[in-house]
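Residue-level listing of the chains:
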Protein chains: 4
Amino acid sequence: MTPKKDTAILLIHCPDQPGLVRAIAQFLADNGGNILHFDQHVDAQENVFFTRVEWQMEGFALSRGELPNVFGALALKFAMRWALHFSADPHRVAILCSKESHCLYDLLARQESGDLPMEVPLIISNHEILRPAAERFGIPFHHVPVTKEGKAEAEARQVELIEAAGAETIVLARYMQILSEGLVARYPGRVINIHHSFLPAFPGARPYHSAFQRGVKIIGATSHYVTADLDEGPIIEQDVIRVSHKLAVEDFVRNGRDLEKVVLSRALRWHLERKILSYNNKTVVFA
Amino acid sequence: MTPKKDTAILLIHCPDQPGLVRAIAQFLADNGGNILHFDQHVDAQENVFFTRVEWQMEGFALSRGELPNVFGALALKFAMRWALHFSADPHRVAILCSKESHCLYDLLARQESGDLPMEVPLIISNHEILRPAAERFGIPFHHVPVTKEGKAEAEARQVELIEAAGAETIVLARYMQILSEGLVARYPGRVINIHHSFLPAFPGARPYHSAFQRGVKIIGATSHYVTADLDEGPIIEQDVIRVSHKLAVEDFVRNGRDLEKVVLSRALRWHLERKILSYNNKTVVFA
Amino acid sequence: MTPKKDTAILLIHCPDQPGLVRAIAQFLADNGGNILHFDQHVDAQENVFFTRVEWQMEGFALSRGELPNVFGALALKFAMRWALHFSADPHRVAILCSKESHCLYDLLARQESGDLPMEVPLIISNHEILRPAAERFGIPFHHVPVTKEGKAEAEARQVELIEAAGAETIVLARYMQILSEGLVARYPGRVINIHHSFLPAFPGARPYHSAFQRGVKIIGATSHYVTADLDEGPIIEQDVIRVSHKLAVEDFVRNGRDLEKVVLSRALRWHLERKILSYNNKTVVFA
Amino acid sequence: MTPKKDTAILLIHCPDQPGLVRAIAQFLADNGGNILHFDQHVDAQENVFFTRVEWQMEGFALSRGELPNVFGALALKFAMRWALHFSADPHRVAILCSKESHCLYDLLARQESGDLPMEVPLIISNHEILRPAAERFGIPFHHVPVTKEGKAEAEARQVELIEAAGAETIVLARYMQILSEGLVARYPGRVINIHHSFLPAFPGARPYHSAFQRGVKIIGATSHYVTADLDEGPIIEQDVIRVSHKLAVEDFVRNGRDLEKVVLSRALRWHLERKILSYNNKTVVFA
């Protein structure tokens, strides 16, 4: 595992206008910032400018504490919405899961090998079944059953656990419960789900069965930020695989798992690397 | 262009039961049929047996005229639904198009090079714009305008032209009109459409715009048999291509054209080669 | 995990001639065999007939012991090369690995969830590093160091362990040693490797670095049976992923891991399901 | 077809150093340039900075004539290699082909529909066979036979025709002759080829036959700039398609054609849009 870089990352979007690139480049140059990445995108239809700039903190004139204030003045001038991140900071991720192990094992193996730059302080599940998987990797496992009547209580317990663990991001690794609006609102842009279909086709329950029924020739998986509308949040990543009449619905399910693992981990990586901006229920991914 | 093979092709489906393969193999062996391809599939859920068998007519004991009668007896015994084709027969295809040229040119170039084993006796369009394309390839072009009030009349004219030309299959090469139920019912399993989305996502009009709006990361195209339900007929083939935030909706449209051409021609080829069985609004494609 | 089916599987190849399908179908029908799958392929260039037939043992007139003798007579008549398998039999797989954990974890998670119908009685590695991974899944781990001088001795030890464990198939899960000709000859068609390139491009060491150097736009992974010629055995499965100038060689390596896992597990599944025939250094995969 | 934009495009590469983005942004802002696209890439291994910047000429303070001089001073300071293009200028493309029509038809149909922003003033072939195709689209066709002895003479004639037509770019649309070193040297970075394999696998002649022989499970096509080393120039784009044991080598050839068309046209589009920088025998494609 490579040591963490010591960089700062700014994610910005604002109304497009001439001079934006110069202003940001100037700000960094004036303070001795060595730019590593500088990605831009203009949504010509919406007239919105998006950028992600990453530079080295070593040798940079402004401290972490000074940065927001000084940059804030510039941001104000251009009506920027912005977020500042430091790559050296740990990123704690809570994993929620139910009964299926493939996404969970995949995330844990990637975390262990350093493939995903995150810490996993806790795993929460509405079932006991994946406790051994969590314990194998030495990660605290919390069984929080969810019933129709006890949902509010269960979510309160989840929030308590997540906050206590200092988790910033929540990954739904085939967690088969719908989060309440209140919970979703608490973590805007911080809950990542993997849905086992090529959205917007087959939202909701049993998408592989619906795909089989419809006779599609390709199935997919979609990772997206969770919003109040089920399976309608901003799409981060999708991938697909061919199927044929030879496959039973069980084969759809099994082959789909490979998609789910890979799509979820790609989306999560970009999120951890601060490469995603959300706007208008869509994502700009500077991958 | 390779000379046409002289083979017979049987497409069969029936309730599954032991002895089916033997019975068919026996029938062919008893009559000296040299089998070139023998594909089977069992839909275990529906308990239906599907098969496609292709054998050489040279040296076969039964003539074209005798075949249906003799095989019919066997078919009756197993309650088979079946169709018999001869690869040496010409397959006449009517192309219907509107304003976009990419699918039309692609089909004509493939027909000319022998890549698609078909004849194209006529092209019908509700616009004049593609007449030069048709004329370049020396194919009769018929302009049949379609208006709301004149639709029935227009379709009557289309049928007249199609019948006069002896066309067996009708390809909608980005033909932007919805066929009436009556017209569809006249040609069951014989009208092939290309829809410019990954169905069942984005049926109906302007799918690329809907895909752009939704922020998907992959777009697709779908070729299917036309049924009375718009964009809901049996899917023959689909393919997809990645898109990103960098692309405008015009780029979706342009990149999608490459999908449309390729997906339509693949589906049409399998249809021409008698490799498709439809059942339960799904296809079995022995490709 | 679904219970194992009780089926017999015959894999056959022989010179093509009329009557083969009938003869096999007849043999099964005569003995009351309920056919579940019957796949054929004819290599027209080489004039070779390939088939895989799977039928239920329940109700079949011949016992496991009688089957080879009775079928042997038919096989002789058509000069068939054949192999008979029973799906109810356990399939023991030895995993050899070195330092990288992604393929190993993936295989173990799939074995545990029943996704791959196999038993893993042992893991052998030339390094200690993956011992914890093996132990987490409760699988015996054997450290067999390999040095230039001690290679013969190490391989002798490997064979001893493999034989003692009753392993039929050997999977090289990113095992970074080249097997000797003698070892390869001992297990023909039973050693499956995953090579981290799109073969035949970039055989041998450091393929991702070579791919990066060449400036390819797509990278791949290849699973193949191991033969005496390095990276030249029959290819079972390949898959690819796009790369771009934005990616460093480390990204090639990381993204490639997802390919390696998926390609290896697909190839292994088909092998376990007895769906692969090798001929002329190529594979027929009845997937 | 949309009207041509009136923009200027600068393609730049130079040793990486702090202040590059600011300097370029400053130059454009000082002269009232409204930036439409500003892409950067740093090859961290080679320490090279690449950029493509496109801005509107309308309202820009410097005329076409002044631009090179004024920017040249800046370029000198940073040791930039640069090229300046104006999107309003016509881009003339000479197409060289042999006997196969699919790439030629595809390019001509795209040119006609405005899908590719180019003019095609001439088509040159070493055979007569595609003359009708050229004539259908009203494009001058020149038959320049190439023999072993007459190669130098033939190439001289080709150059004469290309120069007379004012063609800037040369597309080898399945032109089955190897260009001499002299000819290649005359048009550096201006000759685009489509090779019918996934390079570096199967360079040279008959790649589909070699792929078939090797038993690969995926075939590909590669578009690249032509250099003195056969099939070893900088790769612009590649794509692939699955194959299986069911396909004969003729099917590889036929399915491969779809790849060739699409890959060639994508590469050509990026070239026409001035989105490609070549460096170290690799390409940076700001697509």
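Here the structure is shown first, and the text comes after it.
These notes cover the structure that comes with them. No experiment lies behind these values; they were computed from the predicted model shown.

**Digging into the relation of the copies chain C and chain B**
1) Next: You can overlay chain C on chain B at an RMSD of 0.0 Å; the transform is a turn of 180 degrees with a shift of 0.0 Å along its axis. Viewed as a symmetry operation, the transformation between the two copies matches a two-fold axis. Minimal C-alpha distance to the rotation axis in chain C is attained by C:R22, lying at 2.9 Å.

**Section: the packing of aromatic side chains**
Residues and elements named next belong to chain D.
1) Next: Here the structure, examined in full by the defined rule, presents 30 aromatic pairs over all chains.
2) Next: Residues F71 and W82 carry aromatic rings whose centres are separated by 5.3 Å and whose planes lie at 75 degrees to one another, so their mutual orientation is edge-to-face. In this pair, F71 sits in helix α2 (residues 66-77) while W82 sits in strand β4 (residues 81-86), placing the two residues 11 residues apart along the sequence.
3) Next: When its relative accessible area of 1% is taken as the criterion, F71 is described as buried.

**Some remarks on the environment of D:G220**
Residue and element names in this part refer to chain D.
1) Next: Structurally, the position occupied by G220 is in strand β10 (residues 218-225).
2) Next: Residue G220 is classed as buried on the basis of its relative accessible area of 3%.
3) Next: Along the backbone, G220 and R52 are 168 residues apart, and their C-alpha atoms lie at a distance of 29 Å.
4) Next: If near-sequence neighbours (up to four positions away) are discounted, G220 is found in contact with H196, S197, F198, Y208, D239, V240 and L259.

**So, the pairing of strand β9 (residues 191-195) of chain B**
All names here are of chain B.
1) Next: Here β9 lies mainly inside the structure; 5 of its 5 residues are buried.
2) Next: Burial along β9 is two-sided: V191, N193 and H195 and I192 and I194, pointing in opposite directions, are all buried.
3) Next: The pairing of strand β8 (residues 169-172) with β9 spans 3 bridges and is parallel. If you follow I170 over to β9, its bridge partner there is V191.

**Topic: the relation of the copies chain B and chain A**
1) Next: Least-squares fitting of chain B to chain A yields an RMSD of 0.0 Å, with the superposition described by an axial translation of 0.0 Å and a rotation of 180 degrees.
2) Next: Take the interface residues of chain B: 100% of them recur as interface residues in chain A, which is what a same-surface contact looks like.

**Some thoughts on the side chain of B:Q238**
All names here are of chain B.
1) Next: Relative to the elements of secondary structure, Q238 occurs in strand β11 (residues 235-242).
2) Next: A polar side-chain atom of Q238 sits 2.9 Å from the main-chain carbonyl oxygen of L199.
3) Next: Of the polar contacts made by the side chain of Q238, one reaches the side chain of T222; its length is 3.0 Å.

**Overview of the pattern of salt bridges**
A side chain of one charge can pair with a side chain of the opposite charge if their charged atoms are brought near each other.
1) Next: One pass over the full model with this rule turns up 109 salt bridges over all chains.
2) Next: Linking B:R274 and B:E168 is a salt bridge whose minimum nitrogen-to-oxygen distance equals 3.0 Å. Of the two residues, B:R274 is situated in the loop between α8 (249-272) and β12 (276-279) and B:E168 in the loop between α5 (151-164) and β8; the sequence distance between them amounts to 106 residues.
3) Next: Under the relative-accessibility criterion, B:R274 is labelled buried at 13%.
4) Next: Notably, a salt bridge pairs C:D115 with C:R110, separated by 3.0 Å at the nearest N-O pair.
5) Next: The class for C:D115 is buried, based on a relative accessible area of 9%.
6) Next: Three or more residues are tied together by salt bridges with common partners; here these are A:E100, A:R174, A:R257, A:D258, A:E260, A:K261, C:D106, C:R110, C:D115 and C:R269.

**Structural notes on the nonpolar core**
1) Next: A:I123, B:I123, C:I123 and D:I123 are the most contacted members of the largest nonpolar core, which totals 194 residues.
2) Next: Here A:I123 is in contact with A:I95, A:C97, A:L104, A:L108, A:A134, A:I139, A:P140, A:F141 and A:H142, once residues within four sequence places are set aside.

**With respect to the interface of chain C and chain B**
1) Next: Every contact between the two is made by 10 residues of chain C and, on the other side, 10 residues of chain B.
2) Next: Summing the contributions of chain C and of chain B, the shared interface buries around 1,100 Å²; its carbon and sulfur component is 54%.
3) Next: It is C:V21, C:R22 and C:Q40 in chain C that bury the most area against chain B; as a group they hold 37% of the surface buried on that side.
4) Next: Where chain C packs against chain B, one counts 2 residue pairs in polar contact (both at pLDDT 80 or more).
5) Next: At the level of elements, α1 (20-30) and β2 (35-43) of chain C are the ones that each hand at least two residues to the side of chain C that touches chain B.
6) Next: Of the residues forming the side of chain C that touches chain B, the biggest block, 6 residues, is contributed by α1(C).

Criteria and cut-off values
- Residues numbered from 1 in each chain as written.
- Chains lettered and ligands numbered in written order.
- Predicted model: local features only at pLDDT ≥ 70, side-chain atom pairs only at ≥ 80, totals over all residues.
- Heavy atoms only, no water.
- Least-squares fit on C-alpha atoms with pLDDT ≥ 70 in both.
- Phe/Tyr/Trp six-rings, centres within 6.5 Å; stacked < 30°, edge-to-face > 60°.
- Helix = DSSP H or I, 4+ residues; strand = E, 2+ residues; numbered from the N terminus.
- Buried < 20%, exposed > 50% of the residue type's maximum accessible area, 1.4 Å probe, protein only.
- Contact = heavy atoms within 4.5 Å.
- Pairing = 2+ DSSP bridges.
- Polar contact = N/O pair within 3.5 Å; in protein donor to acceptor, adjacent residues only side chain to side chain.
- Salt bridge = Lys/Arg side-chain N within 4 Å of Asp/Glu carboxyl O.
- Core = buried A, V, L, I, M, F, W, Y, C linked by side-chain atoms within 4.5 Å.
- Buried area = accessible area lost by both parts, 1.4 Å probe.

Functional significance is not addressed by these values, which are geometric in nature.
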